[in-house]
Amino acid sequence: MAEENKGVGILSCLKSMATRKVKVLFLLLSAAVLAMVCPQLSWSSVSQRIIQGTTNCEPSDPPCLDRLASQFNRVEDIFCINLPKFLPQFKNPCFYDYLSAGKRKLRCLPYFYIIGMAKSGTSDLHARMVKHPLVNRNDFGSGKETRFWSRNRYDMFTQTAEDIDGQKNSEIITGDASPMDLWDFRGWPMIPQNEGLNEPHILMPHFLKYIYKGAPKLIIQLREPIERLYSDYVFLGYGTNPIEFHNHTLQAIDMLNACLKNHTTRFCYFDNDMYQKLPARVHLGCYSVFLKEWFRVFPRSAFHVTRTTEYKNDMEGTLKGVFDFLDIPHPTSSQMEDIVNMTRRRVTVKKEGVALPETVKVLREFYADCNKEAAELLADDRFSWKDHYS
């Protein structure tokens, strides 16, 4: 009888071991499949999701690491902020900030962002958009660029909050048009979640997703990269004529290529030291490098992407497309006529001629892969710029 019980015990033990082995194999197989389906997730994130029984690809919120940052003059840890409760009765994301003595103040964040691209007509686009009766300027300087996420941390939308609260108009919206937001990730080493990394894990798009708990309206206007670069070059005072532009372009490309021999594209294009040394901001025309960072966080439906070409040739049609994206009615015919007939904003007036043919040839080769990738990302062949090169 004892021998029989011993045999049963051994069999039970072997069965338990076999069951655990099957479970381990199943977990490993599940993790491998999830890692293939969700390449944006780290292996530790994949493992954690399998253990928790979660099998979606949505990245979870990064942990709060530096709750005392503001007391020690460090960059604020966005993921330590208590999330605002947006009020459903307003179209614009607004919330009540409860002050002392039981008082409260309505505060607002942007409903939309024009995140890029510099020297692509974003100033002009924004200036016309805010002429819409329901679109408010923000409170910073020109009412356009707050640089709220990429460079500053201020409350820039007080007037909109006062208008919404005072007029009881739930349809008023406001926005931010900081065209550096698309590309300016140079501050990534200062983000607590990136400490000790060679490349960033967390960037501005992650901040927006955390605060909004979803996707705000994101608008991008892109210009043919070579035209954009020459305008940018002259506007920022790197040089004034095609010959200087040619020489500086070659130098910048050589510097980037040298960096890329030892580092990744993300490292070189997001590095502040490299940026400060470049004699021309050649890398900004590789739109796909920056678009991929945004598309990793937000779905394509969160973006409305236009071209400067169509904006110039069909301004009314472009503006109507933007207003449709923002889910606001078109202005009246007379209002739209006034908007379209406004004087253009932020035109680069000191350019001497155009880029030399030899410069254009070099830059077409440099941008070729980026243009192809951007067209694929956007599922729109217009962003290969073939109509400009034919």
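Everything that follows concerns the structure shown earlier in this document.
For clarity, every value in this text was computed on a predicted model and none was experimentally measured.

## Examining the packing of helix α3 (residues 122–129) against helix α12 (residues 315–325)
Line of reasoning, step 1. In contact at an axis separation of 11 Å, α3 and α12 are set at 70 degrees when each is read in the N-to-C sense. When the axes of α3 and α12 are compared, the pair comes out roughly perpendicular. In the crossing of α3 with α12, the sense of the turn from one axis to the other is right-handed. Together, D124, L125, R128 and M129 of α3 and M315, L319, V322 and F323 of α12 make up the contact between the two elements.
Line of reasoning, step 2. In the contact of α3 with α12, the residues fall into 6 nonpolar, no polar and 2 charged.

## Topic: the nonpolar core
Line of reasoning, step 1. Grouped together as the largest cluster of nonpolar side chains are 65 residues, with contacts concentrated most on L182, L222, Y269, V282, F290, W294 and F303.
Line of reasoning, step 2. With 7 residues, helix α14 (residues 357–378) is the single largest residue contributor to this core.
Line of reasoning, step 3. With near-sequence residues (within four places) excluded, L222 lies in contact with M117, S120, L182, Y287, V305, T306, R307, T308, L378, F383 and W385.
Line of reasoning, step 4. Counting 20 residues, the second largest nonpolar core, distinct from the first, contains L125, Y311, M315 and F323.

## A look at the sheet that holds strand β4 (residues 135–136)
Line of reasoning, step 1. Reading across from one edge, β4-β5-β3-β6-β7 is the order of the 5 strands in this open sheet, with parallel pairing throughout. Where the open sheet ends on each side, the last strands, each with one partner, are β4 and β7 (303–307).
Line of reasoning, step 2. Strand direction decides the pairing type here: strand β3 (residues 112–116) and strand β6 (residues 217–222), joined by 4 bridges, are parallel. Bridging across to β6, F112 finds its partner in K217.

## Concerning the pattern of salt bridges
Line of reasoning, step 1. What the rule picks out here adds up to 17 salt bridges.
Line of reasoning, step 2. Across the pair R266 and E199 runs a salt bridge, and its minimum N-O distance is 3.1 Å. Residue R266 is located in helix α8 (residues 265–269), and its partner E199 is located in the loop between β5 (173–176) and α5 (204–212); the two are separated by 67 residues in the primary sequence.
Line of reasoning, step 3. Relative accessible area serves as the criterion here: at 24%, E199 is assigned to the partly exposed category.
Line of reasoning, step 4. Taken together, the shared-partner salt bridges in this structure form one network comprising R307, E310, D380, R382 and D387.

Quick notes on the rules
Residues numbered from 1 in each chain as written. Predicted model: local features only at pLDDT ≥ 70, side-chain atom pairs only at ≥ 80, totals over all residues. Heavy atoms only, no water. Axes fitted to C-alpha atoms, helices over the stretch in contact; angles between N-to-C directions. Helix = DSSP H or I, 4+ residues; strand = E, 2+ residues; numbered from the N terminus. Parallel < 35°, antiparallel > 145°, perpendicular 65-115°, else oblique. Left-handed = near helix turned anticlockwise from the far one by under 90°. Contact = heavy atoms within 4.5 Å. Nonpolar A, V, L, I, M, F, W, Y, C, P; charged D, E, K, R; others polar. Core = buried A, V, L, I, M, F, W, Y, C linked by side-chain atoms within 4.5 Å. Buried < 20%, exposed > 50% of the residue type's maximum accessible area, 1.4 Å probe, protein only. Pairing = 2+ DSSP bridges. Salt bridge = Lys/Arg side-chain N within 4 Å of Asp/Glu carboxyl O.

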